[in-house]
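Fold and geometry: a report
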Amino acid sequence: MRKTKKRAVSIAILISMFLSLVVGTSSSVVKADNNINEVIIKEALLQQLNQKINKNDSFANVEKLEKNTENSSLNDELNPEEKIRVIVELEEEPATLQLEDGEQPEAELINKVKEAQKPIKDEVEDQIGEEVRHTYGNLINGFSIDVKRKDVEKIEDIDGVKKVSEAKVYYPDMSKAKEFIQSASVWKDYGYKGEGLVVSIIDTGIDYTHKDMKLTDKSTAKISKEDINQDLGKFYTEKVPYGYNFADDDDKVIDTSGSMHGMHVAGIVGANASEDEVKNNQGIQGVAPEAQLLAMKVFSNNSEIKGAYSDDIIAAIEKSVELKADVINMSLGSSAGYRDDKGRTENRHCAFPEIPCQFPVSLKQTGQIRTDVARTAGNQDTTGQFYHPCA
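On a predicted model such as this, the values are computed, not experimentally measured, just so you know.

**Notes on the overall build of the protein chain**
Secondary structure summary: the protein chain contains eleven helices and twelve strands in total. In the protein chain, which comprises 391 residues, the share counted as buried stands at 45%. Sequence separation of 24 or more characterises 78% of the internal contacts of the protein chain that already satisfy a separation of 6 or more. Approximately 21200 Å² of the protein chain is accessible, and the part contributed by carbon and sulfur atoms is 46%.

**A few points about the environment of His261**
Mapped onto the elements of the fold, His261 is located in helix H8 (residues 261–270). With a relative accessible area of 1%, His261 lands in the buried category. Separated by 70 residues in sequence, His261 and Ser331 place their C-alpha atoms 9.0 Å apart.

**A few points about the nonpolar core**
By size, the foremost hydrophobic cluster in this structure holds 29 residues, and its most contacted members are Ile202 and Ile313. Every element with two or more residues in this core is listed here: strand E6 (198–203), strand E7 (242–245), strand E8 (292–297), helix H10 (310–322) and strand E10 (327–330). At six residues, H10 tops the list of elements feeding residues into this core. Met213, Val253, Ala266 and Leu293 belong to the second-largest nonpolar core, a separate cluster that totals 19 residues.

**What about the pattern of salt bridges?**
Scanning all chains against the criterion turns up 19 salt bridges. A salt bridge links Lys118 to Asp122, with the shortest nitrogen-to-oxygen separation between them at 2.8 Å. In this pair, Lys118 and Asp122 both sit in helix H5 (residues 118–128), four residues apart, roughly one turn of the helix. We note a salt bridge from Glu322 to Lys319, for which the minimum N-O separation is 3.5 Å. Of the two residues, Glu322 and Lys319 both sit in helix H10, three residues apart, roughly one turn of that helix. One salt-bridge network, held together by shared partners, links Arg85, Arg133, Asp146, Asp311 and Asp312.

**Considerations on helix H4 (residues 107–116)**
Quick reminder: α-helices carry 3.6 residues per turn. Residues three or four places apart thus point the same way. Every buried residue belonging to H4 is among Leu109, Ile110 and Val113, and all of these are buried. One side of H4 holds all its buried residues, which, seen down the axis, span an arc of 100 degrees. Of the exposed residues in H4, those oriented more than 90 degrees away from the buried face are Ala107, Glu108, Lys112 and Glu115.

**Things to note about a negative patch on the surface**
Together, Glu91, Glu92, Glu93, Glu123, Asp126 and Asp159 make up a negatively charged patch on the protein surface. On the accessibility criterion, Glu123 (36% relative accessible area) is partly exposed.

**Overview of the packing of aromatic side chains**
What characterises a pair of aromatic rings is the spacing of the ring centres plus the angle enclosed by the ring planes. Under the criterion given, the structure shown has two aromatic pairs. Between Tyr208 and Tyr236, the aromatic rings sit 4.6 Å apart at their centres with planes inclined by 45 degrees, giving tilted as the arrangement. Here Tyr208, found in the loop between E6 and E7, pairs with Tyr236, found in the loop between E6 and E7; they are 28 residues apart in sequence, far enough to count as distant. For the pair Tyr244 and Phe246, a centre-to-centre distance of 5.0 Å together with 85 degrees between the ring planes defines the contact as edge-to-face. Each member of the pair, Tyr244 as well as Phe246, carries the same accessibility label: buried.

**Concerning the pairing of E8**
Burial runs high along E8: six of the six residues are buried. On E8, burial covers both faces: Gln292, Leu294 and Met296 on one face and Leu293, Ala295 and Lys297 on the other are all buried. Both E6 and E8 contribute to a ladder of six bridges, which runs parallel. Considered in E8, the bridge of Ile201 is made with Ala295. Two strands pair when backbone bridges link them, and E7 and E8 are joined in this way by four bridges, in the parallel orientation. Along E8, the bridge assignment pairs Tyr244 with Met296.

**Some words on the sheet that holds strand E3 (residues 142–148)**
Note on sheets: strands pair through backbone hydrogen bonds, and any given pair is parallel or antiparallel. Judged by pairing direction, the sheet is antiparallel, and its four strands sit side by side in the order E2-E3-E1-E4 without closing on themselves. One side of each edge strand has no neighbouring strand; the edge strands of this open sheet are strand E2 (132–136) and strand E4 (161–166). Each adjacent strand pair in this sheet contributes to an overall mean axis angle of 25 degrees, direction not counted. The pairing of E2 with E3 spans four bridges and is antiparallel. Bridge pairing in E3 places Thr135 opposite Phe143. Those strands touched by H10 are strand E1 (83–90), E2 and E3, and its axis lies near 40 degrees from that of E2.

**Structural notes on the pairing of E10**
The alternating pattern of E10 places Val327 and Asn329 on one face and Ile328 and Met330 on the opposite face, and all of these are buried. Sheet topology note: the E6/E10 ladder contains three bridges and is parallel. In the sheet register, Val199 faces E10, and the bridge partner there is Val327.

**Quick notes on unusual backbone geometry**
Only a minority of non-glycine residues have a phi that is not negative, and only a minority of peptide bonds are not trans. At Met260, a position not held by glycine, the phi torsion is positive, near 60 degrees. You can see Met260 is positioned in the loop between E7 and H8. Owing to a relative accessible area of 31%, Met260 belongs among the partly exposed residues under this scheme. The phi angle at Lys324 is positive, at roughly 60 degrees, despite the residue not being glycine. Mapped onto the elements, Lys324 comes out in the loop between H10 and E10. Looking at Lys324, the relative accessible area reads 35%, which means it is partly exposed.

How each quantity is defined
Residues numbered from 1 in each chain as written. Predicted model: local features only at pLDDT ≥ 70, side-chain atom pairs only at ≥ 80, totals over all residues. Heavy atoms only, no water. Helix = DSSP H or I, 4+ residues; strand = E, 2+ residues; numbered from the N terminus. Buried < 20%, exposed > 50% of the residue type's maximum accessible area, 1.4 Å probe, protein only. Contact = heavy atoms within 4.5 Å. Areas by Shrake-Rupley, 256 points an atom, 1.4 Å probe, with all protein chains shown as cover. Core = buried A, V, L, I, M, F, W, Y, C linked by side-chain atoms within 4.5 Å. Salt bridge = Lys/Arg side-chain N within 4 Å of Asp/Glu carboxyl O. Arc of directions from axis to C-beta. Patch = residues over 30% accessible without salt bridge, like charges linked within 9 Å, V, L, I, M, F, W, Y side chains within 5 Å. Lys, Arg positive; Asp, Glu negative; His and termini not counted. Charge placed at Lys NZ, Arg CZ, Asp CG, Glu CD. Phe/Tyr/Trp six-rings, centres within 6.5 Å; stacked < 30°, edge-to-face > 60°. Pairing = 2+ DSSP bridges. Axes fitted to C-alpha atoms, helices over the stretch in contact; angles between N-to-C directions.

Here's what the structure looks like:
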């Protein structure tokens, strides 16, 4: 019965996040990067204008039309000195794929995979002169690092390297949420409000000090302070038992960029104001008010950095799986998310091409744990056809 209750609330969370992304009001729309939208609009308008101008058209006070090629090389050739972030995938299989379907890898196996990476990581760091950012061993076998574009081929030539992918950049993706999809009926039918449920919020961060970020009964918590013995991140509160800023590599999980997108998501999922506070418009209740939330911050507090890199997101996913999250929410999007920098369609069956598409097996069938993944896909540009993400 307990599993049925958790499953019902998990589904309610997934539906509520979906509705919050596709059904909104015009009064509140999160815009992650206006500059990108402006560039896309300008390019589209110029293309339309170019199609309407014929070779022999005449214009007042204009003797001759000439194409401006001053900056054309910038689009045709990538700058070899440009610094980019890459994900280096190694040939040996990650821990998850070394086991039978449905088995969850132990920490010992994951660490064994990571330890075997050391010779290759050392060689890359020596050649490139940069330090590795994240190391992966559960869902993928590899690591991320910042390099100059010209150094990618050097890394690809190292023995044991399977693939080098440029890390994608994602942006917050949400419209204002509507009513909470009749979640009260779920509470009434099952007598359950998310007790013992853990939801990982991979986003801009959570304000764990907010008055609505609390549990009514701390004894129902799935994760306690004693369970948090991590090399990255720390325990914050019973409501938010774990958090880490993967973007800035520190423990500052409260969003100071002004977006508060992650807090919006966290409120929809698990805000826990009292009934009186809700009636008096002094607080809100989420779909699963008694659930615990993981503050997986993948957007930097540095205002100069606008998006979230896929290597940080993958690190947050791995940590969520390690902590046995029941639901992972990623309200993220990227323009033409399934195309590479040359316009070619990438692994369209997978939201994150860097992660093998077998990885949902590790998320959804890890022993007695079932993890549901709610992820949005960017809808700027097209993929040619509709494809579902891995989740």
